[in-house]
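# Inside the fold
If you want the building blocks of each chain, they are given just below.
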Amino acid sequence: MKKLLILLLFTLVLTGCNNTLSLDFNDKIDAKIELSFSLGDYMNNVNEPTNKENLIYSIDAIKSEARPLKDSYDIFFTTEILNKEGDNYTGEYAYSYTYSNFKNNTILDKCFENFIYEEDDNAVHIYLNGESICAPFKLKVKSDNRMLLNNSTDKNKGEYIWNVKDKENDIRFDISKAPIEAKEFKTSNIIYIILAIILSVGVYFLNKKLKNS
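Residues numbered from 1 in each chain as written. Predicted model: local features only at pLDDT ≥ 70, side-chain atom pairs only at ≥ 80, totals over all residues. Heavy atoms only, no water.

## What to know about the overall build of the protein
Stated precisely, the cut-off is as follows: For the purposes of this entry, the term helix denotes a DSSP run of H or I that reaches at least four residues, the term strand denotes a run of E that reaches at least two, and both are numbered from the N terminus. Each residue's exposure class comes from its accessible area (1.4 Å probe, protein chains only) as a fraction of the maximum for that residue type: buried when under 20%, exposed when over 50%, partly exposed otherwise. We call two residues in contact when some of their heavy atoms are within 4.5 Å.
The secondary structure content of the protein amounts to six helices and 11 strands. Considering the protein as a whole, with its 213 residues, one finds that 37% of them fall into the buried category. For the protein, contacts bridging at least 24 residues in sequence account for 60% of all contacts bridging at least 6.

If you want it as structure tokens, here you go:
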């Protein structure tokens, strides 16, 4: 069982930056894994004697055995797609986490040397560092009106992107549990500013007139 549970992680190792883990923080946390690999790549990464038929059987088992939560065998990915064209595979897996169970995320826990998840009443704080057995792959984080802080240097269409490396990863992001309301510049504020300017100018000229007299 343990071997089957980490097969999905092995597929992440195989194809580098073509693989993507996307996290969309909203009222829930929607996670999606997109991967592609060849049977030859997979054979080169299995550290035990095997043959093509056994590998095909093992890969097919990913669809039914991969889990989104560690230490939980009765919860599966809500989307499990693994397609085969010749010796090439493409896959997609999805699951919606809650803010309370995200700390048990199997992929982040297994892929990173350190996966730190801290939570308070208003926000979650996520820190991923050290080595990654799944690298290289892309981590994409989307959080419309919820991102508080992050150290990504790459942003595209509202997504913050990190290129996960074999070693020395340092990924941080803080997410608000509730949308952050944009501060609107109301018409009343403009009126107050204009009145303040008029008052200041009036006081200035009044003082100048009194001095001259």
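## Details of the sheet that holds strand 3 (residues 79–85)
Sheet strands line up and pair through hydrogen bonds in the backbone, either parallel or antiparallel. Inclusion rule: Whether two strands pair depends on DSSP finding at least two bridges between them. Axes here mean lines fitted to C-alpha atoms, for a helix over just the part in contact, with angles spanning 0 to 180 degrees between N-to-C directions.
An order of 3-4-2-1-7-10-9 is seen for the seven strands of this open sheet, with the pairing classed as mixed. Every interior strand has two partners, whereas the edge strands, strand 3 and strand 9 (154–156), have only one. Strand-to-strand twist of the sheet, defined as the mean angle between neighbouring strand axes without regard to direction, takes the value 15 degrees. Bridge count between strand 2 (residues 29–38) and strand 4 (residues 88–97): 10 bridges; the pairing is antiparallel. In the strand pairing of strand 4, Glu 34 is matched with Glu 92.

## Points about a nonpolar patch on the surface
Which entries qualify depends on this criterion: Residues forming no salt bridge and having over 30% relative accessible area are the ones grouped into patches, like charges within 9 Å of each other and nonpolar side chains (Val, Leu, Ile, Met, Phe, Trp, Tyr) within 5 Å. To be clear on the numbers: accessible area is Shrake-Rupley with a 1.4 Å probe, and residue cover counts the displayed protein chains and nothing else. We count a salt bridge whenever a side-chain nitrogen from Lys or Arg sits within 4 Å of a carboxyl oxygen from Asp or Glu.
A contiguous nonpolar surface patch, about 280 Å² in accessible area, is contributed by Leu 148, Leu 149 and Ile 180. For Leu 149, the location among the structural elements is in strand 8 (residues 147–150).

## Examining the packing of aromatic side chains
This is how it is decided: Between the rings of Phe, Tyr and Trp (Trp by its six-membered ring), a pair exists once the centres lie within 6.5 Å; its type follows the angle of the planes, with under 30 degrees stacked, over 60 edge-to-face, and the other angles tilted. Two conditions define a charge located above a ring, namely a distance within 6 Å from the ring centre to NZ of Lys or CZ of Arg, and an angle within 35 degrees of the ring normal.
Summed over all chains, the structure comprises 10 aromatic pairs. When the ring of Phe 25 is compared with that of Phe 173, the centres are 6.0 Å apart and the planes differ by 70 degrees; the resulting orientation is edge-to-face. Of this pair, Phe 25 sits in strand 1 (residues 20–25) while Phe 173 sits in strand 11 (residues 169–176), placing them 148 residues apart in sequence. Residue Phe 173 is classed as buried on the basis of its relative accessible area, which comes to 0%. With a centroid separation of 5.5 Å and 35 degrees between ring planes, the pair formed by Trp 162 and Phe 173 is classed as tilted. With Trp 162 in strand 10 (residues 159–164) and Phe 173 in strand 11, this residue pair connects regions lying 11 residues apart in the sequence. Taking relative accessible area as the criterion, Trp 162 reaches 7% and is therefore assigned buried. A network of ring pairs unites the aromatic residues Phe 25, Tyr 95, Tyr 97, Tyr 99, Phe 102, Phe 115, Tyr 117, Trp 162 and Phe 173 as a single cluster. Against the face of Tyr 127 rests Arg 172, its NZ or CZ located 4.2 Å from the ring centre.

## Observations regarding the state of the cysteines
The condition that has to hold: Criterion for a disulfide: a pair of cysteine sulfur atoms within 2.5 Å.
Applying the stated criterion to the full structure yields one disulfide. Across a sulfur-sulfur distance of 2.0 Å, Cys 111 and Cys 134 are joined as a disulfide pair. Between Cys 111 and Cys 134, the S-S torsion sits near -85 degrees, and that sign places the bridge as left-handed. Separated by 23 residues along the polypeptide, Cys 111 in helix 5 (residues 106–111) and Cys 134 in the loop between strand 6 (123–132) and strand 7 (137–142) bring together distant segments of the chain. In this pair, the class of Cys 111 matches that of Cys 134, namely buried.

## Notes on the pattern of salt bridges
Within this structure, the stated rule accounts for four salt bridges. For the salt bridge of Arg 146 with Asp 27, the shortest nitrogen-to-oxygen distance reads 2.9 Å. Placement of Arg 146 in the loop between strand 7 and strand 8 and of Asp 27 in the loop between strand 1 and strand 2 is noted, with a sequence separation of 119 residues between them. On the accessibility criterion, Arg 146 (4% relative accessible area) is buried. Relative accessible area serves as the criterion here: at 64%, Asp 27 is assigned to the exposed category.

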